[in-house]
Amino acid sequence: MKNDIKTTLVTKEELEQRVKAIGAQITEDYRGKELVLVGVLKGAFMFLGDLARSIEIPLEVDFMAVSSYGHSTVSSGVVKILKDLDLEIEGKDILIVEDIIDTGLTLSYLVNNLKSRGASSVKICTLLDKPERRKVQVEIKYKGFDIPDEFVVGYGIDYAEKYRNYPEVAVLKEETYNK
Ligand code: 5GP
Ligand code: MG
Ligand code: MG
């Protein structure tokens, strides 16, 4: 796996530090609230796992799956709910946990969708942001790192379902895409 990596953008240590800091901030901001972390599958699973462990107030966890890139590396702009929430979120404080904000299309759709179900608040926590690529404006409450417009893998994020278990955020060598 390591042989397929060209460069590392965010190291294990940087991830650990930043995720802890965001968790501490969420702990303060959501004290006394009805926090629900909504992870966007599958890319956010590892971030959500680490983030949840660094939040020191009671919370609920749920997941949604939406269609996005599929196996291609180009955004389709089409958002479809493949797996919906199990929990009722009326009156709850929702924090959407996402791996990457790219065009912003997925999250702007999700925020509106969850608000329409009567949530008290709907905010966004993303590990990575590619600000250059934005097509629609979305308000990000918590952000891990800005990254350049490159296709990344690792720490939950895949290329054709592989590399999610790579412990850093990295860019693959070109030849890996043609394997
Ligand atoms: P958008 O903001 O364009 O609607 O969609 C963002 C989603 O596309 C992210 O949550 C992520 O799932 C996927 N995505 C964006 N950039 C990358 C990338 O560099 N690598 C991978 N594997 N997925 C990406
Ligand atoms: Mg995602
Ligand atoms: Mg994917």
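Residues numbered from 1 in each chain as written. Chains lettered and ligands numbered in written order. Predicted model: local features only at pLDDT ≥ 70, side-chain atom pairs only at ≥ 80, totals over all residues. Heavy atoms only, no water.

### Focus: the site of ligand 1
Logical step 1: Neighbouring ligand 1 are 16 residues, the closest being Asp99, Thr103, Thr106, Lys130 and Asp158.
Logical step 2: Asp99 has a polar side-chain atom sitting 2.6 Å from an oxygen atom of ligand 1.
Logical step 3: Contact distances for ligand 1 include 2.8 Å between an oxygen atom and a backbone N or O atom of Val152.
Logical step 4: In isolation ligand 1 exposes 520 Å². Once the protein is present, 93% of that is buried.
Logical step 5: Listing elements by their share of the shell around ligand 1, those giving two or more residues are strand S5 (93–101) and helix H3 (105–115).
Logical step 6: No other element matches the 3 residues that S5 contributes to the shell around ligand 1.
Logical step 7: For the shell around ligand 1, a count of residues per class yields 6 nonpolar, 4 polar and 6 charged. (Near = heavy atom within 4 Å. Polar contact = N/O pair within 3.5 Å; in protein donor to acceptor, adjacent residues only side chain to side chain. Areas by Shrake-Rupley, 256 points an atom, 1.4 Å probe, with all protein chains shown as cover. Helix = DSSP H or I, 4+ residues; strand = E, 2+ residues; numbered from the N terminus. Nonpolar A, V, L, I, M, F, W, Y, C, P; charged D, E, K, R; others polar.)

### What to know about the sheet that holds strand S9 (residues 169–172)
Within a sheet, adjacent strands bond to each other through the backbone by hydrogen bonds, running parallel or antiparallel.
Logical step 1: The antiparallel open sheet is built from 3 strands, whose spatial order is S1-S9-S8. The open sheet has two free edges, formed respectively by strand S1 (5–10) and strand S8 (152–153), since each of these has just one partner strand.
Logical step 2: Two elements, S8 and S9, share 2 bridges in a ladder whose sense is antiparallel. Looking at the pairing, Val152 lines up with Val171 of S9. (Pairing = 2+ DSSP bridges.)

### Structural notes on the confidence of the model for the protein
Logical step 1: In the predicted model, the protein carries a mean pLDDT of 93, and the fraction of residues at 70 or more is 94%.
Logical step 2: As a predicted assembly, this complex carries a pTM of 0.94 together with an ipTM value of 0.95. (pLDDT = per-residue confidence, 0-100.)

### Thoughts on the pattern of salt bridges
Logical step 1: What the rule picks out here adds up to 15 salt bridges.
Logical step 2: As a salt-bridge pair, Arg133 and Asp149 come within 3.9 Å of each other at their nearest N and O atoms. Of the two residues, Arg133 is situated in the loop between strand S6 (121–129) and strand S7 (142–146) and Asp149 in the loop between S7 and S8; the sequence distance between them amounts to 16 residues.
Logical step 3: Notably, a salt bridge pairs Lys143 with Asp146, separated by 2.7 Å at the nearest N-O pair.
Logical step 4: Overall, Asp146 belongs to the partly exposed group, its relative accessible area being 49%.
Logical step 5: Here the salt bridges do not stand alone but share partners, grouping Lys42, Asp158, Glu161 and Arg164 into one network. (Salt bridge = Lys/Arg side-chain N within 4 Å of Asp/Glu carboxyl O. Buried < 20%, exposed > 50% of the residue type's maximum accessible area, 1.4 Å probe, protein only.)

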